[in-house]
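What follows is each chain in one-letter form.
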Amino acid sequence: MSSATVGLTAAAATTADKAPGRRTGAEMIWEVLEQEGVDVVFGYPGGAIMPAYDALPKYAVRHVLVRHEQGAAHMADGYARASGRVGVAIATSGPGATNLVTGIATAMLDSIPCVFITGQVSSHLIGTDGFQETDVTGVTLPITKHNWLVTRAADVGPVLREAFVVARTGRPGPVLVDITKDAQQGSCDFDPADRRLARVPHGRPARGTSADAYERAAALIDVAERPLILAGHGIVQAGATAELMAFVERTGAPVASTLLGLGGFPATHPRALGMMGMHGEAWVNRAVQEADLLIALGMRFDDRVTGNLKTYAPRARKIHVDLDSSEIGKNVAVDIAIVDDVKRVLAALTPRCKPADRGPWIARIANEKGDAAVRDIQQLPDTGKLHAAHVIHDLWRLTEGRAVVVTDVGQHQMWEAQYYKHDHARGLVTSGGLGTMGFALPAAIGARFARPHDEVWVIAGDGGFQMTAAELSTCAQEGIKVNIAIINNGYLGMVRQWQEMFYGGRYVATPMRSPDFVKLAEAHGLTGFRVTKRSELAAVVAAARSAPGTVVIDFRVEQEDSVYPMVPSGADLGDMIRRPAPSVLVETAADSDEDEVPR
């Protein structure tokens, strides 16, 4: 039976009787998932998880058959990022379970709530090096919030319930439940109404913050002349966009965003500065270095944001709000720490702050910014080739900034952050902490199931796309609509850029030959296009958007373009490498056709 057929069967099937009674462990898996509101799981069957798959048709949970278990993990991750709900992936023992590992680590570093379910050999075979036996709980211990090995049918329901609580409580994260085959085959009495947990949940909610901490933070904010808000992923995760807007409007402080924080505050708002850090905007990094107060909200001061810690924001006092106490002071010493949910903190802190305008500070940043964002696009050298920045900026214009954009990792990821302006939370799905190539296509499939009525675009490099390109067959089999923009420069672009700048231009193992992506799409029964000139872009994008199924567009862009600005690893945040002055201007506002001028 095909995956699509299983999905239809499950949707049409009568949900299992919810009255107390005997259930197998396999049946309890799906019944608990139903109770937790899970509508889709991503997986790949095998021997040790076969009893669970055999029970699936009795339940109204759609199963998406992936082409590789890593794809299942990224799909669950993308589903969670796009929806805010828990994503679920399932695999068999041994290689099935170990193939999930990269996706689990990706979710762990970005605090994404996922439940991973794996089959395990029967309990009497554990420790015997049985066929496809792997200690997956041992393997994943460092990259999960918690994991469990279940060897009895009676524990399946309670442990799975606990797994969902742990995944979404406190700082979210991935968990793994490894269930032996005999635990799936065994049966016991099961009461669906009994929601008690097997053990005390992990990840307690943060304790309330004292009024004194709020008063001290408000006092620092009120006296600051050059305050700067650093908005991180926590704003998105907590659903605190409205609270952040109210805080900005009251305090007048401008907002810089981390990569994962993009969309937590509207990019087109006058107080939005853009992304900070290694490939952040030059004026943003300067503002960080000149600020007299940093208000860090749901971010962790990672090395890509700070550069050299010894010279980071030397003039600034620092307020750090984070749900996880282990992040406080880990990288940057702070003056006031508030360990709590950022949504709750902003709601309590905003009315304590005095209304302010901060006009001189805003004007100073605006003077630094000038017209750099437009100039970077307009002044790219006219080599007769397509530039990635043009592709992404035009996608933003043509989609009116409303698409859910899922990126892979590399140069295109940074160009997307610079040139696609995100005004809505959960509009950007990308791998931050782990930087996982191959993430985009499967994560976009997960996002498609999470947001079935929204437009979904993949932006991927030719290298990362090929790592999980087999999931094109998943798109075809499931009949889903995803638009895929391959930024094809014939290199592992970000590595090539580092080789150009720091390794004497020696391009070792970075030139890359790719298949014909148009023919590859057609081989999967999908539609493919190729774009080599900017003048072709709008018509092809329109055709892709109107096509009923998944579309692949091969954008043949300038091969040796680089992302600017760039802060070299370990350098001071203010020591940015800028784009070399172009010898020829491709466009100016005066001589370009109106439709071609970036807006």
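Check the entry above for the structure.
These notes cover the structure that comes with them.

In this section: helix 23 (residues 493-502). When helix 23 is considered as a whole, its buried residues turn out to be Gly493, Met494, Arg496, Gln497 and Gln499. On its buried side, helix 23 packs onto helix 19 (411-419).

Right, let's get into the sheet that holds strand 16 (residues 428-429). Spatial strand order, 16-15-17-18-20-19: 6 strands in an open sheet with parallel pairing. Every interior strand has two partners, whereas the edge strands, strand 16 and strand 19 (527-531), have only one. Looking at chain direction, strand 15 (residues 404-407) and strand 17 (residues 456-461) are connected through 4 bridges and run parallel. Considered in strand 17, the bridge of valine 406 is made with valine 458. This element, helix 20 (residues 440-450), spans strand 15, strand 16, strand 17 and strand 18 (483-488) of the sheet and lies at about 170° to strand 17.

In regular strands, side chains alternate between the two faces of the sheet. Because side chains alternate across strand 14 (residues 336-339), one face comprises the buried residues Ile336 and Ile338, and the other comprises Ala337 and Val339, none of which is buried. Taken together, the 4 bridges between strand 13 (residues 317-322) and strand 14 define a ladder with parallel strand orientation. Bridge assignment links aspartate 322 to a residue of strand 14, and that residue is valine 339.

Here the focus is the side chain of glutamine 411. As for its position among the elements, glutamine 411 is in helix 19. A polar contact of 3.5 Å, which involves the side chain of glutamine 411, links it to the backbone oxygen of glycine 493. Setting aside anything within four residues of it in sequence, one finds glutamine 411 in contact with Asn489, Gly493, Met494, Arg496, Gln497, Asp561, Ser562 and Val563.

With that out of the way, let us pick up the pattern of salt bridges. Considering all chains together, one arrives at 29 salt bridges under this definition. A salt bridge links lysine 58 to glutamate 27, with the shortest nitrogen-to-oxygen separation between them at 2.3 Å. Of the two residues, lysine 58 sits in the loop between helix 3 (50-55) and strand 3 (62-65) while glutamate 27 sits in helix 2 (residues 25-35), which places them 31 residues apart along the sequence. Between glutamate 368 and arginine 286 there is a salt bridge; the shortest N-O distance is 2.9 Å. Residue glutamate 368 is found in helix 16 (residues 359-369), and its partner arginine 286 is found in helix 13 (residues 282-290); the two are separated by 82 residues along the sequence. Overall, the relative accessible area of 34% leaves glutamate 368 in the partly exposed class. We classify arginine 286 as partly exposed; its relative accessible area is 25%. Among the charged side chains, a salt-bridge network with shared partners connects Arg171, Asp324, Glu327 and Lys330.

Rules used in this analysis
Residues numbered from 1 in each chain as written. Predicted model: local features only at pLDDT ≥ 70, side-chain atom pairs only at ≥ 80, totals over all residues. Heavy atoms only, no water. Buried < 20%, exposed > 50% of the residue type's maximum accessible area, 1.4 Å probe, protein only. Helix = DSSP H or I, 4+ residues; strand = E, 2+ residues; numbered from the N terminus. Contact = heavy atoms within 4.5 Å. Pairing = 2+ DSSP bridges. Axes fitted to C-alpha atoms, helices over the stretch in contact; angles between N-to-C directions. Polar contact = N/O pair within 3.5 Å; in protein donor to acceptor, adjacent residues only side chain to side chain. Salt bridge = Lys/Arg side-chain N within 4 Å of Asp/Glu carboxyl O.

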